[in-house]
Every structure is written in C-alpha cells, then in structure tokens.
Amino acid sequence: MKYFCFQGTINGVSYLLRFLVNMILIPLFGIGIYLLAVTGYKRASALTKNKFLIYSSAFFIPILTTYNFIGMFQEGLVWLHEIGGASLRILVMLSGVLHLFLIFKDSSVQNHNG
C-alpha cells in the first residue's frame, strides 16, 4: 500500500528503481503515471519542505516520462512535435533537470519510511 499513498519519503536509489518499474507500468491502464506522481512527491518530500517543488515533482515527472515513452515511437514523436512544438520541449528539458535533481541530491532525512 505504501507505493500508492502520498506519505513518507524515499531515497535516490529507491526513486530510481521505482521510476524504472513505473515506466514499464505506463501502458497498463496508466497506473504507472499515478505511481510516478507518488514517487516524485515522496522523493521531493525527502529533499525539501517547499510545497511548490514537491507538487511540481508530482506533476512534471509523469509528464516527462510519458512524453519520452510516447516519443519512443516514430508516430508519437511526430504527433508530440505537432501539438507542443518548442514550448513542450522546453518544459521537458526543465523536467529533466528536476528529475536529475531528485536522483542525485542528498537528503537530510536518515530513515525513509515510504
């Protein structure tokens, strides 16, 4: 149940492992998108008390991953560029920076309970 709740914190290794598993779960009824939001929220909660960063992580990490997942297919890539253009690419790049921050930043929390 801990994987579905927006409570607790996780470390960078757990974040990366959950991220990889959740990417596989995206095609399965979209459950991976929800789990990516939970994972981003928990990791950001371990790094900061800033609600903006926490909620941004929960929102942008699933967008980044879904964009990349759809972009793996040639038809999806063409479709994404038609609807989003440069603004979507900039948003994805900023989300990528956020993603790297969540993976590599050291947390002040010693015992993660999420």
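The structure we're discussing is the one just above.
What you are looking at is a predicted structure, and each value in this text was computed from that prediction instead of being measured.

Caption draft 1: Representation of the overall build of the protein in the model. Summing up its helical and strand segments, the protein has four helices and zero strands in all. Each helix and strand of the protein, placed in order from N terminus to C terminus, yields the pattern α-α-α-α. Within the protein, the proportion of its 114 residues that are buried is 40%. Considering only contacts in the protein between residues 6 or more positions apart, those separated by 24 or more positions represent 73%.

Caption draft 2: Focus on the environment of Cys5. Residue placement: Cys5 occurs in the segment before α1 (12–25). The spacing of Cys5 and Thr39 is 34 residues in sequence and 9.3 Å in space, taken between C-alpha atoms. Setting aside residues up to four positions removed in sequence, Cys5 forms contacts with Val38 and Lys42.

Caption draft 3: Geometry of the nonpolar core. Judged by nonpolar contacts, the single largest core of 15 residues is most densely connected at Tyr15, Phe19, Leu36, Ile61, Leu98 and Leu102. Those elements giving two or more residues to this core turn out to be α1, α2 (31–47), α3 (51–71) and α4 (74–104). For Ile61, the contacting residues outside a window of four places in its chain are Tyr15, Phe19, Leu36, Ser56, Ser95, Leu98, His99 and Leu102.

Caption draft 4: Representation of the side chain of Ser45 in the model. Its place among the elements puts Ser45 in helix α2. A polar contact is formed between the side chain of Ser45 and the backbone oxygen of Tyr41, at a distance of 2.8 Å. Each residue touching Ser45, except ones within four places of it in the same chain, is listed here: Gly8, Thr9 and Ile54.

Caption draft 5: Highlighting α1. If you check α1, its first and last C-alpha atoms are 20 Å apart, about what 14 residues at 1.5 Å a residue would give, namely 20 Å. By the burial criterion, the buried members of α1 are Gly12, Tyr15, Arg18, Phe19 and Asn22. Looking straight down α1, one finds that the buried residues subtend no more than 120° of arc, so they occupy a single side. Away from its buried face by more than 90 degrees, α1 exposes Val13, Leu17 and Ile24. Backbone nitrogen of Val13 and a side-chain oxygen of the N-cap are separated by 3.3 Å at the start of α1; the cap is Asn11.

Caption draft 6: Structural detail: the packing of α1 against α2. Closest axis-to-axis distance for the α1/α2 pair is 8 Å, and the angle between their directions is 170°. Comparing their axes, α2 and α1 come out roughly antiparallel. The element α1 and its partner α2 pack so that their crossing is left-handed. For the pair formed by α1 and α2, the contact residues are Gly12, Tyr15, Arg18, Phe19, Asn22 and Leu25 on the first element and Ile31, Gly32, Leu35, Leu36, Thr39, Gly40, Lys42 and Arg43 on the second.

The rules behind the values
Residues numbered from 1 in each chain as written. Predicted model: local features only at pLDDT ≥ 70, side-chain atom pairs only at ≥ 80, totals over all residues. Heavy atoms only, no water. Helix = DSSP H or I, 4+ residues; strand = E, 2+ residues; numbered from the N terminus. Buried < 20%, exposed > 50% of the residue type's maximum accessible area, 1.4 Å probe, protein only. Contact = heavy atoms within 4.5 Å. Core = buried A, V, L, I, M, F, W, Y, C linked by side-chain atoms within 4.5 Å. Polar contact = N/O pair within 3.5 Å; in protein donor to acceptor, adjacent residues only side chain to side chain. Expected span 1.5 Å × (residues − 1). Arc of directions from axis to C-beta. Axes fitted to C-alpha atoms, helices over the stretch in contact; angles between N-to-C directions. Parallel < 35°, antiparallel > 145°, perpendicular 65-115°, else oblique. Left-handed = near helix turned anticlockwise from the far one by under 90°.

From the geometry alone we can't say anything about function, so treat these as descriptive.
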